[in-house]
Amino acid sequence: MDKLVVTGGRPLVGRVRISGAKNAALPLMAACLLTRGKNRLTNVPGLRDVRTMGRLLDTLGAKNHTRKDRIYIDTAEARGEEAPYELVKTMRASVLALGPLVARRGRARVSLPGGCAIGERPIDQHLKGLEAMGTKIVLEEGYVVAEAKRLKGAEISLDLVTVTGTENLVMAACLAKGTSVIKNAAREPEVVDLCQALINAGARISGAGTATITVEGVDELSPLDHRVMPDRIEAGTYMVAAGITRGELTITEAPLEHLSAVVGKLKEAGVRFQQTPKGLVVSARRAPKPVNLITGPYPGFPTDLQAQLMALMALNNGSAVVQETIFENRFMHVPELRRLGADIEVTGSTAVVKGVRQLKGAKVMATDLRASACLVLAALAAEGDTHISRVYHLDRGYEKIDQKLGAAGAKVRRASEPAPGKK
Ligand code: EPU
């Protein structure tokens, strides 16, 4: 197992290019299962989750290969129906195969994802929507078995805003007979990116980016040919990196139009932004001012950047309140930040972060992807060395993070760590 060793205390100065978005690439890869033929996705990030989705497509018979930032997915012979436990347990987004498989093959057997480090994360809304479209669903031996001859368009009111739930239902509705209306749909930019790719392949979708998405089913779609949108969460993470190290990063391909809530909060904290011909220059000179934040579905403040903002707030010159409303257990980074000297109290879904003047390096453990990013950020600002173990979490969602940070002057190295119990 790899760990990262970060020697903190140096301002980051340099350029960072933002990669394609993980959470757009994964549903787009699954959407290829709706088609028959040769799909092409470009600007795909080189990430562990993308490779896992590639393996899932392989097991379903969709041959795929990667060349640089492109993935070619051939679905001509894709006849498989099963997303096995071994893959779903390593990546919940495997559940995105469910909608396309039922719609295109009439049958899917997808392992139930189960809980994970950030919460229980059920998929009842995905199932409710598919049932409304005429799918027969049974749960057997930890698997969802879904069957339908041809899906029928339906009106579906989601009980809560779910990103992959909306994506699964939009994908299924594309090949249903008749019109589907998905109410209380997720408005996340990744949902819009997926819908745009599907529209270009012949789907009839309107309302993407609003709370009501209407899909008129068609008989078939052509293969996808789409450039994945840039990763707003990666961009937000590097913005915090500039702020927390009081450095100056020129960020290229940052999807600013999708980051209003984040940029707003960072500006409140004193981080400066300037659009230049070379990219977006993000800088800070002083300790951050305290800002309170509440996570929410898009266009609210993204839960996927809550941990990173908390790292910044650990050094604020007052006291800040951070409230998590999307996942019930997304404060796993708090005890680790405390090991670096942060002063944070958690009550239920609220954390009160009293700023400290300085964080100090320590050994910490990453528990999930965004918690890992938070620890890297805190480590960049901390005095001395921080050893972050279980860095595989980071590799799921941040392309070449050690190289990107290194190019901006950070001292970050990968080291192997003996497995627990071994010397
Ligand atoms: N929920 C239900 N029932 C459902 C679906 C969701 O109760 O059927 C609940 C969840 O338990 C959660 C809330 O609804 O409390 C929102 O979950 P959502 O379904 O929107 O999350 P997701 O689709 O599983 C995606 C991202 C996550 C991101 C969330 C929220 C992908 C592949 N994953 O997950 O990304 O945090 O939306 O924005 O798009 C990450 O990248 O680190 C990550 C966790």
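The model shown is predicted, which means the values in this text are computed figures rather than measured ones.

A. Inspection of the pattern of salt bridges at higher detail. One pass over the structure, following the stated rule, counts 22 salt bridges. One salt bridge connects Glu77 with Arg79, and the closest N-O pair in it is separated by 3.2 Å. Judged by relative accessible area, Arg79 falls into the exposed class, the value being 53%. Put simply, Asp2, Asp395, Asp402 and Arg414 are held in one network by salt bridges that share partners.

B. Just the site of the ligand, in detail. Taken together, 21 residues form the shell around the ligand, and within it Gln125, Thr162, Thr164, Asp304 and Ile326 come nearest. In the model, an oxygen atom of the ligand is placed 2.8 Å from a nitrogen or oxygen of the Val163 main chain. Burial of the ligand by the protein chains amounts to 87% of its free accessible area of 830 Å². With three residues, the single largest contributor to the shell around the ligand is helix 5 (residues 124–132). Looking at the shell around the ligand, its residues break down into nine nonpolar, six polar and six charged.

C. Main features of the packing of helix 1 (residues 22–31) against helix 7 (residues 189–200). Across the interface, helix 1 lies against helix 7 with an axial gap of 9 Å and an inter-helix angle of 35°. Pair helix 1 / helix 7 crosses with right-handed handedness. Facing Asn23, Ala24, Pro27, Leu28 and Ala31 of helix 1, the residues of helix 7 in contact are Glu190, Asp193, Leu194, Ala197 and Leu198. When the residues that make up the contact of helix 1 with helix 7 are grouped by side-chain class, the tally is seven nonpolar, one polar and two charged.

D. Structural view of the nonpolar core. Leu98, Leu198, Ile205 and Leu221 are the most contacted members of the largest nonpolar core, which totals 75 residues. The element contributing the most residues to this core is helix 1, with seven residues. Those residues in contact with Leu98 that lie beyond four places of it in its chain are Ala108, Val110, Leu127, Leu130, Val144, Ala146 and Asn168. By size, the runner-up hydrophobic cluster in this structure holds 72 residues, among which are Val262, Val322, Leu359 and Leu394.

E. Representation of the packing of aromatic side chains within the structure. In the structure shown here, the tally under the stated rule is zero aromatic pairs. Sitting above the plane of the Tyr143 ring, Arg109 keeps its charged end 4.1 Å from the centroid.

F. The domain arrangement of the chain, seen in detail. Looking at the assigned domains, one finds that the chain contains domain 1 (2–12 + 260–266 + 288–416) and domain 2 (22–227). Between domain 1 and domain 2, the residue contacts involve 19 residues of the former and 17 residues of the latter. When domain 1 packs against domain 2, the two sides together hide about 1500 Å² of surface, and 53% of this comes from carbon and sulfur. It is Tyr298, Arg396 and Glu399 in domain 1 that bury the most area against domain 2; as a group they hold 41% of the surface buried on that side. Inspection of the region where domain 1 meets domain 2 yields one salt bridge. Asp49 serves as the salt-bridge partner of Arg396, at 2.8 Å between the closest nitrogen and oxygen. Scanning the region where domain 1 abuts domain 2 turns up four residue pairs in polar contact (both at pLDDT 80 or more). Considering every element that reaches the side of domain 1 that touches domain 2, the biggest residue donor is helix 13 (residues 392–397), with four residues.

Criteria and thresholds
Residues numbered from 1 in each chain as written. Predicted model: local features only at pLDDT ≥ 70, side-chain atom pairs only at ≥ 80, totals over all residues. Heavy atoms only, no water. Salt bridge = Lys/Arg side-chain N within 4 Å of Asp/Glu carboxyl O. Buried < 20%, exposed > 50% of the residue type's maximum accessible area, 1.4 Å probe, protein only. Near = heavy atom within 4 Å. Polar contact = N/O pair within 3.5 Å; in protein donor to acceptor, adjacent residues only side chain to side chain. Areas by Shrake-Rupley, 256 points an atom, 1.4 Å probe, with all protein chains shown as cover. Helix = DSSP H or I, 4+ residues; strand = E, 2+ residues; numbered from the N terminus. Nonpolar A, V, L, I, M, F, W, Y, C, P; charged D, E, K, R; others polar. Axes fitted to C-alpha atoms, helices over the stretch in contact; angles between N-to-C directions. Left-handed = near helix turned anticlockwise from the far one by under 90°. Contact = heavy atoms within 4.5 Å. Core = buried A, V, L, I, M, F, W, Y, C linked by side-chain atoms within 4.5 Å. Phe/Tyr/Trp six-rings, centres within 6.5 Å; stacked < 30°, edge-to-face > 60°. Lys NZ or Arg CZ within 6 Å of the ring centre and 35° of its normal. Domains from an automatic or database assignment. Buried area = accessible area lost by both parts, 1.4 Å probe.

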